[in-house]
Amino acid sequence: MSAVMLFFIGDMRVFVPLYIVAGITDVADGFIARKFNARTALGARLDSAGDAVMFLVIVYYLLRIETDILSPYWIAIAIILSVKIISVVAGAIRFRKPIVLHTLANKTAGVAVWLLPLMLWLGLSWYIIPVIIIAAGAAIEEAAMVIYSKGEIEPNRKSIFCR
């Protein structure tokens, strides 16, 4: 569904409902899998792929529609994205596969980033700063976990501070 939204970015009457439904179904599928003990490695990978597509849709939307509002923050955004890329590359080198961690910080950052277009549609541009702070913290935590972990890394570890 996320990829379909790309065709409707210019039509907010279609894009906004699709965006909200895509976000809700992303949360719901993980909840249902946990509730019915139907978690699988394939499901986790598909969820991560879906999250990546949704993130790319959000970035494309922000670049195309909200460029002026975000322009003062591009350096911070570029640094956060660089840290995330370094984490994935470091994970690929160390563990021979790309690593995306499902930490509480990453989940919080994901929700915060998903809410960003909604907040901007409501005229709440102040919300950009908390999103940057949350995303930076999550990116730093993930990079530290990938770079400094000993042995195999657990993708579902909740935090660097707990197992």
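Residues numbered from 1 in each chain as written. Predicted model: local features only at pLDDT ≥ 70, side-chain atom pairs only at ≥ 80, totals over all residues. Heavy atoms only, no water.

Colleague: I'm lost on the side chain of R157 in this one. Help?
Modeller: Position of R157 relative to the elements: it lies in the segment after α7 (128-148). Although R157 is buried, it forms no salt bridge, and the closest oppositely charged side chain is E141 at an N-O distance of 7.5 Å. Within the structure, the side chain of R157 is placed 2.9 Å from the backbone oxygen of C162, a separation counted as a polar contact. (Helix = DSSP H or I, 4+ residues; strand = E, 2+ residues; numbered from the N terminus. Buried < 20%, exposed > 50% of the residue type's maximum accessible area, 1.4 Å probe, protein only. Lys, Arg positive; Asp, Glu negative; His and termini not counted. Salt bridge = Lys/Arg side-chain N within 4 Å of Asp/Glu carboxyl O. Polar contact = N/O pair within 3.5 Å; in protein donor to acceptor, adjacent residues only side chain to side chain.)

Colleague: Any chance you could explain the confidence of the model for the protein chain here in plain terms?
Modeller: Interpretation of the predicted coordinates at a detailed level should be avoided for regions scoring low in pLDDT. On average, the protein chain scores 90 in pLDDT, and the residues at 70 or more come to 99%. When mean pLDDT is taken per element in the protein chain, α7 scores highest with 96 and helix α1 (residues 2-5) scores lowest with 83. (pLDDT = per-residue confidence, 0-100.)

Colleague: Is there a simple way to explain a nonpolar patch on the surface in this structure?
Modeller: A contiguous nonpolar patch, built from F55, L56, L81, I85, V89 and I93 and spanning about 560 Å² of accessible area, is present on the exposed surface. Put simply, the parts of the chain that give the nonpolar patch at least two residues each are α3 (41-65) and α5 (74-95). Sort the elements by how many residues they give to the nonpolar patch and α5 lands first, with 4 residues. Here F55 shows up in helix α3. (Patch = residues over 30% accessible without salt bridge, like charges linked within 9 Å, V, L, I, M, F, W, Y side chains within 5 Å. Areas by Shrake-Rupley, 256 points an atom, 1.4 Å probe, with all protein chains shown as cover.)

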